[in-house]
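# Structural characterization, general
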Number of protein chains: 2
Amino acid sequence: MSIEFWKPEEIEAESFRRISEELGDRLFPAGVDLVVKRVIHTTADFSFADTLLFSEGVVEQGKEAIRQGACIVTDTNMALAGINKARLAGFGATARCFMAEADVAAEAKERGVTRATVSMERAAALSAERPLILAIGNAPTALVKIKELMDAGQLKPALLIAAPVGFVNVVEAKELFVGSSTPHIIARGRKGGSTVAAAIVNAILYQI
Amino acid sequence: MSIEFWKPEEIEAESFRRISEELGDRLFPAGVDLVVKRVIHTTADFSFADTLLFSEGVVEQGKEAIRQGACIVTDTNMALAGINKARLAGFGATARCFMAEADVAAEAKERGVTRATVSMERAAALSAERPLILAIGNAPTALVKIKELMDAGQLKPALLIAAPVGFVNVVEAKELFVGSSTPHIIARGRKGGSTVAAAIVNAILYQI
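Nothing here was measured: the structure is a model prediction, and the numbers come from that model.

### Here we look at the relation of the copies chain A and chain B
- The two copies are related by a screw motion: chain A maps onto chain B through a turn of 180 degrees and a shift of 0.0 Å along the axis, at an RMSD of 0.0 Å. The superposition operator between the copies reduces to a two-fold rotation axis. Considering only C-alpha atoms, the part of chain A nearest the rotation axis is A:M78, at 2.4 Å.
- A share of 100% of interface residues in chain A that are also interface residues in chain B marks the association as one of identical surfaces.

Here it is as structure tokens:
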């Protein structure tokens, strides 16, 4: 084994070429294809080709929301760090995470709920102003709160990315949205995480 | 399937219990054990139990470096976001990432090298002052530069975490350090990433 010489700008294209080769003759709808490949590029884990679930037309709906200046709310500062905010800004779109804000922690403590719950209420309040994309990479309680707010008619995201990772309530919380009429991309099973949530956002963004 | 009720503070302990159960009778040295489990907790990917490589005594060496106020330099802002900086500060330790600094980009462009290369030179300059922990979750070129600086006697990290993810030069760059006399934790193979690098740092930190 030895290090090959690649120009930095060629490495991503070569990575995608190798991923496509390894996926072989598997077919994904246009647009979906690039989301699946970017998630594999981020994780080197081909199991996402089997576990990512896309509602019909969701990639086009996500692109349209960004074009209309969506606010992307995520539940982890790592995902926020990974989302390409400079590129979003070109469409008047933004990304936010409420989890580390001091008053969110204080309110959660006072009410005996998780910070993720309070954060999703704040996200719902934003959605009156502009399309809302929820990119959830960590907290199953965020998904439970989103379902509750959606069922109560208080939240209607333009796109829900449901990709927490973990061992307790994670699989179940993601299954809440299978078959939902809300545009969704779900990483079914235990796997997911901040890098996966950010990769899905970026994969949609880069197609505009 | 339904959502179980867990107190937020109990979820991590229950997750680790389930991970231990699933690992069965696999044995890891004390300390190493908690690093392996935290990486699995972060990824839900048990293959890390096979691919993580630890040099002898490395967890104790990492703890000692943090106790002495180490500077942790990472190559991604996502890993920086994931490292528990508040907890580090309790030991006078810090975490930094040079990748997004404007003058790093400018210097890299002028010299025709990657930003990761310039970032690692900056890290080397810091190591005169305090123990240096390198937590690499993205760029194989960072690892190549680290090897070059180490071989030239210009860099002697207290701990090297080598965990880039990807398809081009990633496996090879991580293999450069197998058998190295520098304390190291390597995620062999293609997998790794920002969340893995941050989880390894936190798993050591939480054992102090």
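Don't stop here, the text continues.
### Digging into the sheet that holds strand β1 (residues 52-54) of chain B
Residue and element names in this part refer to chain B.
- The mixed open sheet is built from six strands, whose spatial order is β1-β6-β5-β4-β2-β3. Here the strands that pair on one side only, and so sit at the sheet edges, are β1 and β3 (94-97). With direction set aside, neighbouring strand axes in the sheet form an average angle of 15 degrees.
- Where β1 lies against strand β6 (residues 184-187), three bridges are found, and the strand directions are antiparallel. If you follow F54 over to β6, its bridge partner there is I185.

### Points about helix α2 (residues 32-43) of chain A
Residues and elements named next belong to chain A.
- Along its twelve residues, α2 runs 17 Å from first to last C-alpha, staying within 8% of the 16 Å computed at 1.5 Å per residue.
- Within α2, burial applies to V32, V35, V36, K37, R38, V39, I40 and T43.
- Buried residues belonging to α2 abut α1 (8-23), α3 (48-51), β1 (52-54), α4 (58-67) and α11 (194-205).
- Just past α2, the residue A44 takes up positive phi, approximately 55 degrees.

### Some words on the environment of B:W6
- Along the chain, the position of B:W6 falls in the segment before α1 (8-23).
- A residue is classified by how much of its surface remains accessible, and B:W6, at 24% relative accessible area, is partly exposed.
- As for B:W6 and B:A30, which are separated by 24 residues in sequence, their C-alpha atoms are 28 Å apart.
- With sequence-adjacent residues up to four places away left out, B:W6 is seen in contact with A:V168, A:N169, B:I11, B:E14 and B:R18.
- Polar contacts involving the side chain of B:W6 include one to the side chain of B:E4, which spans 2.6 Å.

Conventions we followed
Residues numbered from 1 in each chain as written. Chains lettered and ligands numbered in written order. Predicted model: local features only at pLDDT ≥ 70, side-chain atom pairs only at ≥ 80, totals over all residues. Heavy atoms only, no water. Least-squares fit on C-alpha atoms with pLDDT ≥ 70 in both. Contact = heavy atoms within 4.5 Å. Pairing = 2+ DSSP bridges. Helix = DSSP H or I, 4+ residues; strand = E, 2+ residues; numbered from the N terminus. Axes fitted to C-alpha atoms, helices over the stretch in contact; angles between N-to-C directions. Expected span 1.5 Å × (residues − 1). Buried < 20%, exposed > 50% of the residue type's maximum accessible area, 1.4 Å probe, protein only. Polar contact = N/O pair within 3.5 Å; in protein donor to acceptor, adjacent residues only side chain to side chain.

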